[in-house]
2 protein chains.
Amino acid sequence: MNRTLDPADWSPLRSLGHQMLDDIFDHLASLREQPAWQPMPAAVRAALREPLPRDAQGPDAAYADFLENVLPYRNGNLGPRFWGWVQGNGTPVGMLADFLASAMNPHLAGFDHAPALVEQQVIDWLVELMGMPSGASGVLTSGGTVANLIGLAVARQAKCGFDVREDGMQSEHPLLTVYCSTEAHGWARRAMEVLGLGNRALRRVAVDAELRMDVDALREAIAADRAKGARPICVIATAGTVNTGAIDDLVRIANLCAEENLWFHVDGAFGALARLAPSLADRVRGMERADSLAFDLHKWGYLPFEVGCALVRDPELHKATFELKGRYLDPTDRGVIAGGLPFAERGLELTRGFKALKVWMSFKAHGVDAIAELIEQNVAQAAYLAKRIEEHPELALTAPVALNVVCFRYVPGDDAANREILMRVQEEGIAVPSSTVAGGHYSIRCAITNHRSRLEDFDLLVEAVVRIGRSL
Amino acid sequence: MNRTLDPADWSPLRSLGHQMLDDIFDHLASLREQPAWQPMPAAVRAALREPLPRDAQGPDAAYADFLENVLPYRNGNLGPRFWGWVQGNGTPVGMLADFLASAMNPHLAGFDHAPALVEQQVIDWLVELMGMPSGASGVLTSGGTVANLIGLAVARQAKCGFDVREDGMQSEHPLLTVYCSTEAHGWARRAMEVLGLGNRALRRVAVDAELRMDVDALREAIAADRAKGARPICVIATAGTVNTGAIDDLVRIANLCAEENLWFHVDGAFGALARLAPSLADRVRGMERADSLAFDLHKWGYLPFEVGCALVRDPELHKATFELKGRYLDPTDRGVIAGGLPFAERGLELTRGFKALKVWMSFKAHGVDAIAELIEQNVAQAAYLAKRIEEHPELALTAPVALNVVCFRYVPGDDAANREILMRVQEEGIAVPSSTVAGGHYSIRCAITNHRSRLEDFDLLVEAVVRIGRSL
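Definitions and cut-offs
Residues numbered from 1 in each chain as written. Chains lettered and ligands numbered in written order. Predicted model: local features only at pLDDT ≥ 70, side-chain atom pairs only at ≥ 80, totals over all residues. Heavy atoms only, no water. Buried < 20%, exposed > 50% of the residue type's maximum accessible area, 1.4 Å probe, protein only. Helix = DSSP H or I, 4+ residues; strand = E, 2+ residues; numbered from the N terminus. Pairing = 2+ DSSP bridges. Contact = heavy atoms within 4.5 Å. Buried area = accessible area lost by both parts, 1.4 Å probe. Salt bridge = Lys/Arg side-chain N within 4 Å of Asp/Glu carboxyl O. Nonpolar A, V, L, I, M, F, W, Y, C, P; charged D, E, K, R; others polar. Expected span 1.5 Å × (residues − 1). Axes fitted to C-alpha atoms, helices over the stretch in contact; angles between N-to-C directions. Parallel < 35°, antiparallel > 145°, perpendicular 65-115°, else oblique. Left-handed = near helix turned anticlockwise from the far one by under 90°. Least-squares fit on C-alpha atoms with pLDDT ≥ 70 in both.

Caption draft 1: Representation of the pairing of strand S10 (residues 405-410) of chain B within the structure. Residues and elements named next belong to chain B. Counting buried positions along S10 yields 6 of 6 residues, so the element is predominantly enclosed. Burial of S10 is two-sided: the residues Val 405, Cys 407 and Arg 409 facing one way and the residues Val 406, Phe 408 and Tyr 410 facing the other way are all buried. Pairing of strand S9 (residues 395-397) with S10 involves 3 bridges; the strand directions are antiparallel. Bridge assignment links Leu 395 to a residue of S10, and that residue is Tyr 410. Across 4 bridges, the pairing between S10 and strand S12 (residues 441-447) is antiparallel. Across the sheet, residue Phe 408 finds its bridge partner in S12, namely Ile 444.

Caption draft 2: Local environment of the interface of chain A and chain B. Listed by partner, the interface residues are 173 residues for chain A and 173 residues for chain B. Here chain A packs against chain B, burying approximately 15,700 Å² in sum over the two surfaces, 58% of which is carbon and sulfur. Where Glu 193 of chain B meets Arg 165 of chain A, a salt bridge forms, and the shortest distance between an N and an O atom there is 2.8 Å. Ranked by residue count, the leading element in the side of chain A that touches chain B is helix H1 (residues 10-29) of chain A, at 13 residues. Its residues placed into classes, the side of chain A that touches chain B shows 82 nonpolar, 48 polar and 43 charged.

Caption draft 3: How the structure looks around helix H5 (residues 114-129) of chain B. Residues and elements named next belong to chain B. With 16 residues, H5 ought to run about 22 Å at 1.5 Å a step, and its terminal C-alpha atoms sit 22 Å apart, in line with that. Taking burial as the measure, the 16 residues of H5 include 12 buried ones, the bulk of the element. Among all positions in H5, only Ala 114, Pro 115, Ala 116, Val 118, Glu 119, Gln 121, Val 122, Ile 123, Trp 125, Leu 126, Val 127 and Leu 129 are buried. Positive phi shows up at Gly 131, right after H5, with a value of about 75°.

Caption draft 4: Looking closely at the packing of helix H12 (residues 356-366) of chain A against helix H3 (residues 59-69) of chain B. Between H12 of chain A and H3 of chain B, the least distance of the axes is 8 Å, while the angle of their chain directions is 135°. In terms of orientation, H12 of chain A lies oblique with respect to H3 of chain B. Like other packed secondary-structure pairs, H12 of chain A and H3 of chain B cross with a definite hand, here right-handed. Along its contact with H12 of chain A, which presents Leu 357, Trp 360, Met 361, Lys 364 and Ala 365 of chain A, the element H3 of chain B presents Pro 59, Ala 62, Tyr 63, Asp 65 and Phe 66 of chain B. By residue class, the composition of the contact of H12 of chain A with H3 of chain B is 8 nonpolar, no polar and 2 charged.

Caption draft 5: Main features of the pattern of salt bridges. Per the stated rule, a full pass over the model turns up 68 salt bridges over all chains. Across the pair Arg 14 of chain A and Asp 26 of chain B runs a salt bridge whose closest N-O atoms are separated by 2.6 Å. Here Arg 14 of chain A is found in helix H1, whereas its partner Asp 26 of chain B is found in helix H1 (residues 10-29) on a different chain. According to the relative accessible area criterion, Asp 26 of chain B is partly exposed, its value standing at 41%. Between Asp 459 of chain A and Arg 388 of chain A there is a salt bridge whose closest N-O contact spans 2.8 Å. Placement of Asp 459 of chain A in helix H15 (residues 455-471) and of Arg 388 of chain A in helix H13 (residues 368-391) is noted, with a sequence separation of 71 residues between them. You can call Asp 459 of chain A buried: its relative accessible area is 18%.

Caption draft 6: Quick look at the relation of the copies chain A and chain B. Under the fitted operation, chain A is carried onto chain B by 0.0 Å of movement along the axis and a turn of 180°, and the coordinates agree to an RMSD of 0.0 Å. Here the transformation between the copies is reduced to the relation of a two-fold axis. Mapped onto chain B, 100% of the interface residues of chain A again fall at the interface, so both copies present the same surface.

Caption draft 7: Inspection of the sheet that holds strand S2 (residues 137-141) of chain B at higher detail. Residue and element names in this part refer to chain B. Strand order across the open sheet formed by 7 strands is S2-S8-S7-S6-S5-S3-S4, with mixed pairing between neighbours. For this open sheet the edge positions go to S2 and strand S4 (202-205), each flanked by a neighbour on one side alone. Strand-to-strand twist of the sheet, defined as the mean angle between neighbouring strand axes without regard to direction, takes the value 20°. The strands that H5 touches are S2, strand S7 (292-296) and strand S8 (308-312); relative to S2, the one it contacts most, it runs at about 115°.

Caption draft 8: Representation of the side chain of Glu 193 of chain B. One can find Glu 193 of chain B in helix H8 (residues 187-194). For Glu 193 of chain B, a relative accessible area of 4% translates into the label buried. Once residues within four sequence positions are removed from consideration, Glu 193 of chain B is found in contact with Arg 156, Arg 165 and Thr 321 of chain A together with Gly 198 and Asn 199 of chain B.

Caption draft 9: Structural view of the pairing of S2 of chain B. All names here are of chain B. In terms of burial, S2 is a largely internal element, 5 of the 5 residues being buried. Here S2 shows a buried face lined by Ser 137, Val 139 and Thr 141 and a second buried face lined by Gly 138 and Leu 140. Examined bridge by bridge, S2 and S8 share 5 bridges and lie antiparallel to one another. Residue pairing for S8: Ser 137 is matched across the bridge by Val 312.

Caption draft 10: Here's a closer look at unusual backbone geometry. Of note, the amide linkage connecting Phe 305 of chain A to Glu 306 of chain A takes the cis form, showing an omega dihedral of -10°. If you trace the backbone, Glu 306 of chain A turns up in the loop between strand S7 (292-296) and strand S8 (308-312). Its identity as a non-glycine residue notwithstanding, Phe 111 of chain B has a phi of 75°, on the positive side. Summarising the element assignment, Phe 111 of chain B is placed in the loop between helix H4 (92-104) and H5. Within the chain, Leu 211 of chain B stands out as a residue other than glycine whose phi angle is a positive 65°.

Caption draft 11: Representation of the environment of Leu 357 of chain A. Mapped onto the fold, Leu 357 of chain A is located in helix H12. For Leu 357 of chain A, a relative accessible area of 0% translates into the label buried. Between the alpha carbons of Leu 357 of chain A and Ala 97 of chain A there is a distance of 6.0 Å; along the sequence they are 260 residues apart. With sequence-adjacent residues up to four places away left out, Leu 357 of chain A is seen in contact with Ala 97, Leu 100, Ala 101 and Val 118 of chain A together with Phe 66 of chain B.

Okay, structure coming up:
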């Protein structure tokens, strides 16, 4: 009756832990010498289709399997030449904080314990950094999609005009409509679907030559919907589109939302972090007026997955959207549950882990200014890459470089050739850009949220693209 | 232009990592000697309201702050006498796996890399363990709420009778209704609200003396709704209610769902894991017939937060609910994105961390049979505690003990006295049960999902409750 998953003798597992730590530090310190990505051999694929382990193999054997079949076959985002799909690298400090968070294993619904104070402190810091008013509400999330979904859920609660928690979208009501640009991220469609608003009610407004939402077209779309009896509730502006990094005119959209009594939600998945850097803050001006703002710390905050954040200007509305009741939740000002479960009343989850610790340790260890300098460095690197492309007769940009995303193509090649170039750049282990369609062309796309990149890494990419292009 | 968040010299951070590891192993090895919980001094609360750190304090200082102000003030769930709110302890192996996962930091939308194969392997193992058909679909989640929400979203997609992704709940349609028992967990209300179904459409069916859903009453409720023109879509059965651990009659409910063409969703947040143990599997018989099943690995799987799982019998329906499109998602059979983003098409998130690694390493290191034995041990411990309570003239059970949850009270005391007893048990650092209302009484509740508990821990609780009760 006294079995446990703790070891009877802690020494061997402790030694294994030290071995893991040394192996991982060796791995991280040598990233620059490793391939940017490598395909898995068939033997690895076969090894990872093992039957269910009913019997113990022991931690050493499990770790040996990890070392042989898992660690070498990464998706590449740790390395200095990964610029695909807007993924961060993670950091050594963030990794150690994740270890400590898992060791402590606290439950972050709320409760009266230090981790809850750490999360609240992190939220207060983020409120300050984003220029939201002191006392604004917030919660850390798995990432941008859930953070954005939370913002849209509060918007629905605030502006729908009926009791949506009680009646759902199942009472008779005018069509609720939401607005974003044609460049908005796929989360918007998913959130509309999940929330029962539906894809059809998401109005995709045209963009200008800079790929920013056309605010006149937005105004017309709202008026047209009102004329048809619909009830516009929310505008989703984007600070840093996933395709090209374009930033909507947040000030004009904020003004329009104020005039039209609409919820102003900003998706700043990576772009919001630009506000940390004095030289870049002006590019996202107006964002601080958001009713709700969503962004990630695991993209341009460089932290390991998963950690995003939703901020909501009005804490009462935030709570009104997710407040919960239950007999096993006994409100009291004493004991472990003193203070209630505030974080569980700001989003989807009741059980929540200690994501806050890596933000807290990273901000303290590095200082926010150092993170801001790296964001500036990535923007400068994007400008450097763009300049190299513009100067090269065989390369061309396919979209304006608004921030840290560079879309380009090998001009002598068609779409198929550019795709082939991208595949070979990845398969040869040189670098990991991704692709998009920009300016009507299949484009190689570098989204630079990488604290390990150096200028020479971009030179290497340019040379490889030209070399492979010419060889085709 | 070559700044980074990596250290210039890796040695000091590596040493700090080794120090952290030793400190944490010391902490874990001495849990039994530590208070079950302790309130935070004012100085700690003040220290955790530090201004935004613009400048670097360095990793050593940040860690010193963690050691002093965070680690000692846990919510208690690591320890051997924590039985509150159904929280697991976490395990040393799980913690090391979380470290490795954060170090690798892969992006689990999909992609062609070993972590994606690890997640798919874990899902296949869980499909097998839960008795779902081979080829059933699944995805790891932050926990039970999101896993359950995914199940209900697929139910809505499958049974609504209109194009809910395109039209949302905003087209004209019969009222969609969902059924659960009055003992179902609060997630059901939240998911109804989020999905736009609304709390009003959640029919709470009465329970029998064992606190299981009254299936005749369920049948009547469905018929009554149909008679009024509503469209019943889904029954939510619970395998292990949060209040008392009651298990609905899954076989009868599965039969009823088949007859009535309703989606059969099972919330097995902790109870589903009982299926791993041969002596307990029969208690959750019928669960394997679920159209969708949600459960946690961070409760009765003992793993650190966060990791839950949603399984869906029909993989096509699962994908149809969450399939995504986007220009930056370039389907190809080559390069990093070969195979697409399957996990992002099974739930809410696009960016997803490597939760699968701790399940994979834990199953391999310990073997599933060892986890099953611990689940059996917890059920035997609940029976032991129940017996001690029944034998004690001053104590009484307030609900049947169906599995691993024991609800009881100090009989000479009223509700206020029992709450006072619970507070003192926590404040004196003896143990952390939580509370509920059961059998009409405020009750002390032990939800035993703890791999560190021994029989002597339950003796200690019984003695403390009686001692404090008498002292009042």
